[in-house]
Amino acid sequence: MEEGRLDAHTWSDALELYERLSTFVGVAPRAHDEWWLDVGAVMRLETRDPRGWESIDPYEGEEERREDPLFPWLETPSTPEDAERYLPRVRELPRSSVKSLVVLLGVLGLDVAKTWRWEERRPDMERRADVILSRFPDGTRFYTNLGWKGDRPDFYEQGTWGGYDPFSHYDCDAGLIAVNDDEVAVLWNFLST
């Protein structure tokens, strides 16, 4: 396979970053001017990856989902008014900081300091994060519910220390939303503390 070529296989391999974690990954076509409506559709599982590639739903078939079709989300944006309410719950993240967040969402406990063999595992995790990010071209905007300090946050150093605005039933959740003219992606880690 050609180095750097993104296809269903390399995408699936990259998503192994989130194996054995409660991390949700969904991508949908951009169908609305108000991208929060597309984000809500991803959360509600109303759309599928426009390329037909793998998604991750850690709650598929679980009892919690059978009892509450939105689980683990508390609610999802479905109207323009919802979009107005949701926007203040996230901040736009500079692309230079996105890779550390994509990796952090694949770390048990969202804390690299507590990650077994972190320095040894880091290069492979970053390789997978680069593959995930390669799907989203320049001009893609990234948003997170995590707080941070400074102009270029490093989530390896700060983790969730900057605070977060939860979107789920869990004690802590951390996520990333990617938005461009063609696609919207939701990557979200749910952590019960």
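Because the structure is predicted, anything quoted here is derived from the model rather than measured. (Residues numbered from 1 in each chain as written. Predicted model: local features only at pLDDT ≥ 70, side-chain atom pairs only at ≥ 80, totals over all residues. Heavy atoms only, no water.)

### Details of the nonpolar core
Here's step 1: Ranked by internal contacts, the top residues of the largest apolar core, which has 38 residues, are Tyr 18, Val 102, Ile 132 and Leu 176.
Here's step 2: When contributions to this core are tallied by element, the ones reaching two or more residues are α1 (8-14), β1 (23-29), α5 (95-104), α6 (118-134), α7 (155-158), β4 (172-179) and β5 (183-191).
Here's step 3: The biggest single contributor to this core is α6, with 6 residues.
Here's step 4: Core analysis: the second largest hydrophobic core is formed by 21 residues, Val 42, Tyr 59, Trp 73 and Tyr 86 among them. (Core = buried A, V, L, I, M, F, W, Y, C linked by side-chain atoms within 4.5 Å. Buried < 20%, exposed > 50% of the residue type's maximum accessible area, 1.4 Å probe, protein only. Helix = DSSP H or I, 4+ residues; strand = E, 2+ residues; numbered from the N terminus.)

### So, the pattern of salt bridges
Two side chains bearing opposite charge may form a pair once their charged atoms approach each other closely.
Here's step 1: Overall, the coordinates contain 20 salt bridges when judged by the stated rule.
Here's step 2: A salt bridge links Arg 128 to Glu 16; the shortest N-O distance between them is 3.2 Å. Residue Arg 128 is found in helix α6, and its partner Glu 16 is found in the loop between α1 and β1; the two are separated by 112 residues along the sequence.
Here's step 3: Looking at Arg 128, the relative accessible area reads 12%, which means it is buried.
Here's step 4: The salt bridge involving Asp 124 is made with Arg 128; its shortest N-O contact spans 2.4 Å. Here the residue Asp 124 and the residue Arg 128 both occupy positions in helix α6, the gap between them amounting to 4 residues, near one helical turn.
Here's step 5: If you follow the salt bridges from partner to partner, you end up with Asp 13, Glu 16, Asp 124, Arg 127 and Arg 128 in one network. (Salt bridge = Lys/Arg side-chain N within 4 Å of Asp/Glu carboxyl O.)

### Some points on a negative patch on the surface
Here's step 1: Among the surface-exposed residues, Asp 33, Glu 34, Glu 81 and Glu 84 lie close enough to one another that they form a single negatively charged patch.
Here's step 2: Along the chain, the position of Glu 84 falls in helix α4 (residues 80-86). (Patch = residues over 30% accessible without salt bridge, like charges linked within 9 Å, V, L, I, M, F, W, Y side chains within 5 Å. Areas by Shrake-Rupley, 256 points an atom, 1.4 Å probe, with all protein chains shown as cover. Lys, Arg positive; Asp, Glu negative; His and termini not counted. Charge placed at Lys NZ, Arg CZ, Asp CG, Glu CD.)

### Some words on helix α2 (residues 35-43)
Here's step 1: Of all 9 residues making up α2, 9 are buried, and the element is well covered by its neighbours.
Here's step 2: Downstream of α2 by one or two residues, Leu 45 has phi in the positive range, about 60°.

### Examining the environment of His 9
Here's step 1: Structurally, the position occupied by His 9 is in helix α1.
Here's step 2: Along the sequence, His 9 and Trp 53 sit 44 residues apart, while their C-alpha atoms lie 8.5 Å from each other.

### Structural notes on the side chain of Arg 65
Here's step 1: Counting through the fold element by element, Arg 65 comes out in helix α3 (residues 63-67).
Here's step 2: Once you skip the residues sitting within four places of it in the chain, Arg 65 turns out to touch Leu 45, Asp 57, Tyr 59, Glu 60, Phe 71 and Pro 72. (Contact = heavy atoms within 4.5 Å.)

### Remarks on the pairing of strand β3 (residues 141-144)
Here's step 1: Bridge count between strand β2 (residues 91-93) and β3: 3 bridges; the pairing is antiparallel. Residue pairing across strands places Leu 93 opposite Phe 142, the latter belonging to β3.
Here's step 2: Pairing geometry for β3 and β4, over 4 bridges, is antiparallel. What sits directly across from Arg 141, in β4, is Val 179. (Pairing = 2+ DSSP bridges.)

### Here's the deal with the packing of aromatic side chains
Here's step 1: Scanning the entire structure with this criterion turns up 16 aromatic pairs.
Here's step 2: Centroid distance Trp 118 to Tyr 156: 5.0 Å. Interplanar angle 70°. Geometry classified as edge-to-face. Residue Trp 118 is located in helix α6, and its partner Tyr 156 is located in helix α7; the two are separated by 38 residues in the primary sequence. The pair Trp 118 / Tyr 156 is uniform in exposure class, with both members buried.
Here's step 3: Chaining the aromatic ring pairs together yields one cluster made of Phe 24, Trp 35, Trp 36, Tyr 59, Phe 71, Trp 73, Tyr 86, Tyr 143, Phe 167, Tyr 170, Trp 188 and Phe 190.
Here's step 4: Above the ring of Tyr 86, the side-chain terminus of Arg 89 is found at 5.1 Å from the ring centroid. (Phe/Tyr/Trp six-rings, centres within 6.5 Å; stacked < 30°, edge-to-face > 60°. Lys NZ or Arg CZ within 6 Å of the ring centre and 35° of its normal.)

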